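# Topology and contacts: notes
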Amino acid sequence: MILEMFGPSGAGKTTMASALTAHLRGLGYVVTPLIGVRAHPLRRIILKCLASARLLNSAGSAGGVADLFRILPPKDRLWGVRLHWHLALLHREWTAAQSSDAITIFDQGMVQAVASLVLLSGIVERDPVGRALDCVPKPDLLIRFEAPRPLLEARLRDRRQRIGPLQRYLEIDLQGSLDHVDHVDLISGLVGARGLPMIRVSSIDAPSRNLSIDRISAAVLARMRPSRAVAEEPAARGYAALSH
């Protein structure tokens, strides 16, 4: 079973993914969290760009990567390269998750990748965005994060103050991240029209996060049969996050 966290930057997706993993493991489920790694941006870009061609060839057209870029081509070449290898790695992890018996939690998944392409391409018309969404595999449950815009802005400002100048340069600027809220709303509407299972949650503070964990857990348990707890949990696997 694949769960995808979906929402604007600063909404609490990664924090929720970690908390939900611990909660579901406590209930006896085997859970594999796929958490975006934001550390060492320059080294990450060099290594992943070198690997991207091989990974994209292995992903092939099944991942819809080439189609996505034809429909929503990024304006910026560097961001296009970064998103290319990000999708290659993401598709590899997604394919592995589809054949796994574990619950796999992506804090950034395929639907989020479409939203990123909307931001980077500047294309916001429903028809091309809908076609791009149809190109990618969907999670069993999409978890849509909502948060007030002032809170998102405060969190994003704080995040930018805590990272180094290079990483700040390699991320979408504050205004672009805030504009991304509208793109997430667009994708949410298209996802709802396609009947993809989706629940809306909040992670603005500890009480709302705990309530959301209960709601997500109930939705997950309704879709799965109980499994036995395992003696050793699989470690969280990291892949390169696309920060925006």
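Coordinates for the structure precede this section.
Let me begin by describing the structure that accompanies this report. In this text, all values refer to a predicted model and were calculated from it rather than measured experimentally.

Regarding its fold elements, the protein presents 10 helices and 6 strands. Burial status across the protein gives 52% buried among its 244 residues. Put simply, of all contacts in the protein between residues at least 6 apart along the chain, 82% involve residues at least 24 apart. A total accessible area of about 11,100 Å² is found for the protein, and carbon and sulfur atoms account for 54% of it.

Tallying each qualifying case throughout the model produces 6 salt bridges. Asp67 is paired through a salt bridge with Arg70; the nearest N and O atoms lie 2.1 Å apart. Of this pair, Asp67 and Arg70 both sit in helix α3 (residues 65–71), separated by 3 residues, roughly a single helical turn. Arg149 is paired through a salt bridge with Asp182; the nearest N and O atoms lie 3.3 Å apart. With Arg149 in helix α7 (residues 149–162) and Asp182 in helix α9 (residues 174–193), this residue pair connects regions lying 33 residues apart in the sequence. On the basis of relative accessibility, which here comes to 44%, the residue Asp182 falls in the partly exposed class.

This part takes up the nonpolar core. Core analysis: the largest hydrophobic core is formed by 35 residues, its most contacted members being Leu68, Leu72, Leu87, Val114 and Ile187. For this core, the elements supplying multiple residues, two or more each, are β1 (2–6), α3, α4 (77–98), α5 (110–121), α6 (126–135) and α9. When residues in this core are grouped by element, the largest group, 8 residues, is from α5. Ignoring sequence-local partners within four residues, the contact set of Leu72 consists of Val114, Leu117, Val118, Ser121, Ile123, Val129 and Ala132. One finds Leu3, Met16, Ala147 and Val181 within the second-largest nonpolar core, a separate group that totals 27 residues.

The interhelical angle for the contact between α4 and α5, taken along N-to-C directions, is 170°, at an axis separation of 11 Å. Judged by the inter-axis angle, α4 sits roughly antiparallel to α5. Contact residues: Trp79, Leu83, Leu87, Leu90, His91 and Trp94 in α4; Met110, Ala113, Leu117 and Leu120 in α5. Partitioning the contact of α4 with α5 into residue classes produces 9 nonpolar, 1 polar and no charged.

Our focus in this paragraph is helix α10 (residues 206–223). The end-to-end C-alpha distance of α10 is 26 Å, a good match for the 26 Å that 18 residues give at a rise of 1.5 Å each. All of the buried residues along α10 are Ser208, Ser212, Ile213, Ile216, Ser217, Ala219 and Val220. Contact partners of the buried residues in α10: β1, α1 (13–26), β3 (103–106), β4 (141–146) and β5 (198–202).

Cut-off values and rules
- Just so you know, the residues in each chain are numbered from 1, in the order the chain's sequence is written.
- For this predicted model, a pLDDT threshold of at least 70 governs which residues receive local features, and a threshold of 80 or more governs which side-chain atom pairs are given and counted, while totals over whole chains, interfaces and linings are taken from all residues.
- In computing side-chain values, all of the structure's heavy atoms are included and hydrogens and water are not.
- Numbering of helices and strands runs from the N terminus, with a helix taken as a DSSP run of H or I at least four residues long and a strand as a DSSP run of E at least two residues long.
- With a 1.4 Å probe rolled over the protein chains alone, any residue whose accessible area is under 20% of its type maximum counts as buried; one over 50% counts as exposed, and the rest are partly exposed.
- Working rule for contacts: check all heavy atoms of both residues, and any pair within 4.5 Å makes them a contact.
- For every accessible area listed, the method is Shrake-Rupley and the probe measures 1.4 Å; residues are considered covered only by the protein chains on display.
- Salt-bridge detection follows one rule: a side-chain nitrogen of Lys or Arg within 4 Å of a carboxyl oxygen of Asp or Glu.
- By nonpolar core is meant a set of buried Ala, Val, Leu, Ile, Met, Phe, Trp, Tyr and Cys residues that side-chain atoms within 4.5 Å join together.
- Here the axes come from fitting lines to C-alpha atoms, over the contacting stretch only for helices, and the angles between their N-to-C directions go from 0 to 180 degrees.
- When an angle is under 35 degrees it counts as roughly parallel; over 145 it counts as roughly antiparallel; between 65 and 115 it counts as roughly perpendicular; any other value is oblique.
- Classification used: nonpolar for Ala, Val, Leu, Ile, Met, Phe, Trp, Tyr, Cys and Pro, charged for Asp, Glu, Lys and Arg, polar for all others including Gly.
- Expected helix span is given by 1.5 Å per residue-to-residue step, counting one fewer step than there are residues.

This is a description of form; function is not addressed.
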